[in-house]
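# Residue-level structural notes
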Amino acid sequence: MADIKYIWNELVAIYRDSLTAPSFNAWIEQATPISLINNDLTIEVPSALHKEYWEKNLSTKIVETGFKLTGSEITPIFTIKNDIIEDISAQPKMEPIISDITKENSKKALLNPKYTFDTFVIGKGNQMAHAAALVVADDPGSTYNPLFFYGGVGLGKTHLMHAIGHQMLINNPNAKVKYVSSETFANDFINSIQNRTSESFRQEYRNVDLLLVDDIQFFADKEGTQEEFFHTFNSLYNDGRQIVLTSDRLPNEIPKLQERLVSRFAWGLSVDITPPDLETRIAILRKKANAEHLEIPDDTLSYIAGQIDSNIRELEGALVRVQAFATMKNEDITTSLAADSLKTLRSVGANNQLSILSIQEKVCEYYHIQLKDLKGKKRVKTIVLPRQIAMYLSRELTDNSLPKIGAEFGGKDHTTVIHSHEKIQQLLETDTSIQKEINDIKNGLSN
Ligand SMILES: Nc1ncnc2c1ncn2[C@@H]1O[C@H](COP(=O)(O)OP(=O)(O)OP(=O)(O)O)[C@@H](O)[C@H]1O
């Protein structure tokens with residue numbers, strides 16, 4: 001009777017030798033053998049994307065190796081698991097060997113050297129995005145084109161995007177990779193018109209193997225830029241070049257994004273990244289602490305991870321604060337020191353009461369509308385909802401009276417504020433996109 005453990009260990013050894021470190025971490029480390037019954041080997045994987053990848057690319061090895069080891073035909077069966085990943089911290093720390101030319105080209109492509117697959121912690125909220133990123137890095141331009149990451153602030157979209165760039169350069173040091181924010185794309189385009197350098201603009205953007213454009217929600221109001229991006233997209237896509245995009249929301253939720261762009265973005269794969277669970281947050285902090293050679297007890301890491309739950313940038317910021325506090329006091333990092341340093345921070349926050357204006361500005365920025373419209377009388381849906389949300393947040397997050405809030409919204413009656421507050425409260429009970437939007441705005445306000 002063949003032993004499942006034995007077969008799996010042999011397989012793992014083979015995959016470890018034949019796959020790159022990020023691939024091994026993404027596919028093999030995330031899979032668990034469950035049973036071997038009548039030569040059916042059942043393997044649990046985290047998502048449909050993992051299942052598809054295993055079936056397409058990795059299962060032949062199982063059949064081959066299974067036959068070698070047992071003399072019978074083993075059939076792999078993949079099931080998708082729903083529970084949380086166990087022991088994330090056990091992800092192996094295999095450092096890829098990176099050549100000088102790859103490093104040089106990563107720099108040229110404006111990729112952040114810290115944002116690699118190796119430094120990325122895989123957790124429940126990002127494992128599908130991570131797997132898709134890896135597929136695209138290893139096989140650009142074919143499987144998921146474009147690849148579209150969306151999700152809240154500070155959850156690792158940019159990190160993954162850069163990791164794709166680095167990995168592609170590791171696989172092919174001469175690949176042309178270009179990373180830009182949507183603002184840079186827009187500015188480059190406007191400058192090219194002003195300076196009559198449209199041809200070199202096109203050369204620069206259409207001659208790449210991988211184009212990474214970050215935060216495309218900022219294309220919202222820019223008609224001309226969208227037009228140009230449409231042509232850039234078509235040219236790259238038709239040549240089989242890979243495009244990766246990020247945004248804080250799905251393409252069809254970006255206001256004023258041209259329908260033809262929305263439909264093109266849907267040709268590939270859109271994956272969301274959701275806030276990390278506690279285990280993932282602890283694993284991220286541990287990884288960061290190790291990278292900085294910081295001695296921090298496990299219970300202290302758990303404490304910090306318990307304090308900040310929705311934004312990894314803030315989580316990293318908390319660790320930096322704790323570290324700075326320890327240096328200032330010349331003490332070791334302990335849970336009580338961490339609590340002290342984060343408490344100081346919170347009380348500073350409490351004194352800095354949010355103003356109605358800062359809420360209004362954040363809401364305008366988020367929905368790409370003008371402050372005068374938010375405070376005005378227009379009754380179109382694209383303005384009314386943000387106005388109601390801004391009123392709701394002013395009531396929830398500040399101590400201002402209803403008449404004062406009404407006054408700050410162009411002299412509206414306090415009953416309008418009450419009505420808006422109730423309306424949004426009702427929507428929040430059932431409407432998940434409103435829940436997300438309000439969360440994102442709140443996160444933006446606390447940054
Ligand atoms: N899974 C992860 N493992 C390790 N670090 C992470 C992970 N996710 C995010 N980070 C870190 O958190 C910080 C914020 O991530 P990033 O800038 O990629 O977020 P984002 O989703 O692009 O945010 P924004 O919407 O503001 O552009 C970065 O320093 C990044 O390295």
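Quantities reported herein were computed from a predicted structural model and do not represent experimental measurements. (Residues numbered from 1 in each chain as written. Predicted model: local features only at pLDDT ≥ 70, side-chain atom pairs only at ≥ 80, totals over all residues. Heavy atoms only, no water.)

### Considerations on the overall build of the protein chain
From N to C terminus, the protein chain includes 20 helices and 8 strands. The buried share of the protein chain, reckoned over its 447 residues, is 47%. Across the protein chain, the fraction of contacts at a sequence separation of at least 24, relative to all contacts at a separation of at least 6, is 73%. Carbon together with sulfur atoms contributes 50% to the accessible area of the protein chain, which is approximately 21,900 Å² in total. (Helix = DSSP H or I, 4+ residues; strand = E, 2+ residues; numbered from the N terminus. Buried < 20%, exposed > 50% of the residue type's maximum accessible area, 1.4 Å probe, protein only. Contact = heavy atoms within 4.5 Å. Areas by Shrake-Rupley, 256 points an atom, 1.4 Å probe, with all protein chains shown as cover.)

### Quick word on the UniProt feature "binding site: ATP" (unreviewed entry) in the protein chain
UniProt records the feature "binding site: ATP" (unreviewed entry) for Gly154, Gly156, Lys157 and Thr158 in the present numbering. Topologically, Lys157 is positioned in helix α6 (residues 157–171). Not counting chain neighbours up to four residues away, the residues in contact with Lys157 comprise Phe149, Tyr150, Gly151, Gly152, Thr246, Ser247 and Ile273. As for its placement among the helices and strands, Thr158 is situated in helix α6. Aside from chain neighbours lying at most four places away, what touches Thr158 is Tyr115, Tyr179 and Asp214. (UniProt positions renumbered as here; feature names shortened; annotations may be inferred.)

### With respect to the nonpolar core
If you look at the biggest cluster of nonpolar residues, it comprises 52 residues, and the most contacted ones within it are Trp27, Trp54, Ile62, Leu147, Phe149, Ile164 and Val244. A total of 8 residues in this core trace back to one element, the largest contributor, which is helix α5 (residues 127–138). Every residue in contact with Val244, bar those within four places of it in the chain, is listed here: Val136, Leu147, Phe149, Met161, Ile164, Leu210, Leu211, Leu212 and Val213. (Core = buried A, V, L, I, M, F, W, Y, C linked by side-chain atoms within 4.5 Å.)

### Considerations on the sheet that holds strand β7 (residues 242–247)
What the 5 strands build is an open sheet, ordered β5-β6-β7-β4-β8; its pairing is parallel. Each having just a single partner strand, β5 (177–181) and β8 (269–273) make up the two edges of the open sheet. Across the sheet, the axes of successive neighbouring strands diverge by a mean angle of 15°, strand direction being ignored. Lying on the sheet, α6 is in contact with β4 (147–151), β5, β6 (210–214), β7 and β8; it crosses β6 at an angle near 165°. (Pairing = 2+ DSSP bridges. Axes fitted to C-alpha atoms, helices over the stretch in contact; angles between N-to-C directions.)

### What to know about the environment of Trp267
Topologically, Trp267 is positioned in the loop between α10 (259–265) and β8. Among the residues examined, Trp267 registers a relative accessible area of 43% and is labelled partly exposed. Through-space distance from the C-alpha of Trp267 to that of Asn145 is 6.9 Å; in sequence the pair is 122 residues apart.

### A closer look at helix α12 (residues 298–307)
Turning to α12, its buried residues are Thr300, Leu301, Ile304 and Ala305. For α12, the buried positions fall inside an angular range of 135° around the axis, keeping them on one side. (Arc of directions from axis to C-beta.)

### Quick look at the environment of Val136
Relative to the elements of secondary structure, Val136 occurs in helix α5. Of the residues examined, Val136 reaches a relative accessible area of 1% and is grouped as buried. Spatially, the C-alpha atom of Val136 lies 9.8 Å from that of Gly165, the residues being 29 residues apart in sequence. In contact with Val136, other than residues within four places in its own chain, are Tyr144, Leu147, Ile164, Gln242 and Val244.

### Some remarks on the packing of aromatic side chains
Under the defined criterion, the tally for this structure stands at 19 aromatic pairs. Ring plane angle 5° and centroid distance 3.9 Å describe the contact between Trp27 and Tyr53, whose orientation is recorded as stacked. Highlighted residues: Trp27 in helix α2 (residues 21–28) and Tyr53 in helix α3 (residues 48–70), separated in sequence by 26 residues. The pair formed by Trp27 and Tyr53 is uniform in burial state, with each residue classed as buried. With a centroid separation of 5.0 Å and an interplanar angle of 80°, the aromatic rings of Tyr366 and Tyr367 are classed as edge-to-face. (Phe/Tyr/Trp six-rings, centres within 6.5 Å; stacked < 30°, edge-to-face > 60°.)

### A look at the sheet that holds strand β1 (residues 32–37)
Sheet strands pair by backbone hydrogen bonding; their relative direction is either parallel or antiparallel. On the basis of which strands lie adjacent, the open sheet formed by 3 strands has the order β1-β2-β3 and mixed pairing. Looking at the sheet topology across the chains shown, the edges are occupied by β1 and β3 (75–80). Strand after strand, the sheet turns through a mean of 25° between neighbouring axes, direction not considered. Two strands pair when backbone bridges link them, and β1 and strand β2 (residues 40–45) are joined in this way by 5 bridges, in the antiparallel orientation. Its bridge partner lying in β2, Thr32 is registered against Glu44. Lying over the sheet, α3 contacts β2 and β3, oriented at roughly 165° with respect to β3.

### A word on the packing of helix α7 (residues 182–194) against helix α8 (residues 198–206)
Axis angle and axis distance: for two packed helices, these are the angle between their axes and the distance between the axes, and together they describe the pair. Remark: α7 packs on α8, axes separated minimally by 8 Å, with the N-to-C direction vectors making an angle of 150°. As the angle between them shows, α7 and α8 are arranged roughly antiparallel. Handedness of the crossing formed by α7 with α8: right-handed. Counted together, Thr184, Phe185, Asp188, Phe189 and Ser192 of α7 and Ser198, Phe201, Glu204 and Tyr205 of α8 form the full contact between these two elements. A class-by-class count of the residues in the contact of α7 with α8 yields 4 nonpolar, 3 polar and 2 charged. (Parallel < 35°, antiparallel > 145°, perpendicular 65-115°, else oblique. Left-handed = near helix turned anticlockwise from the far one by under 90°. Nonpolar A, V, L, I, M, F, W, Y, C, P; charged D, E, K, R; others polar.)

### As for helix α15 (residues 356–367)
Spanning 12 residues, α15 covers 17 Å between terminal C-alpha atoms, matching the ideal 16 Å at 1.5 Å per step. Among the residues making up α15, those that are buried are Ile356, Ile359, Gln360, Val363, Cys364, Tyr366 and Tyr367. Angularly, the buried residues of α15 cover 165° about the axis, an arc narrow enough to put them on a single face. Lining the buried residues of α15 we find α16 (371–375), α17 (381–397), α18 (402–408) and α20 (432–446). Looking at the residues trailing α15, positive phi occurs at His368, about 55°. (Expected span 1.5 Å × (residues − 1).)

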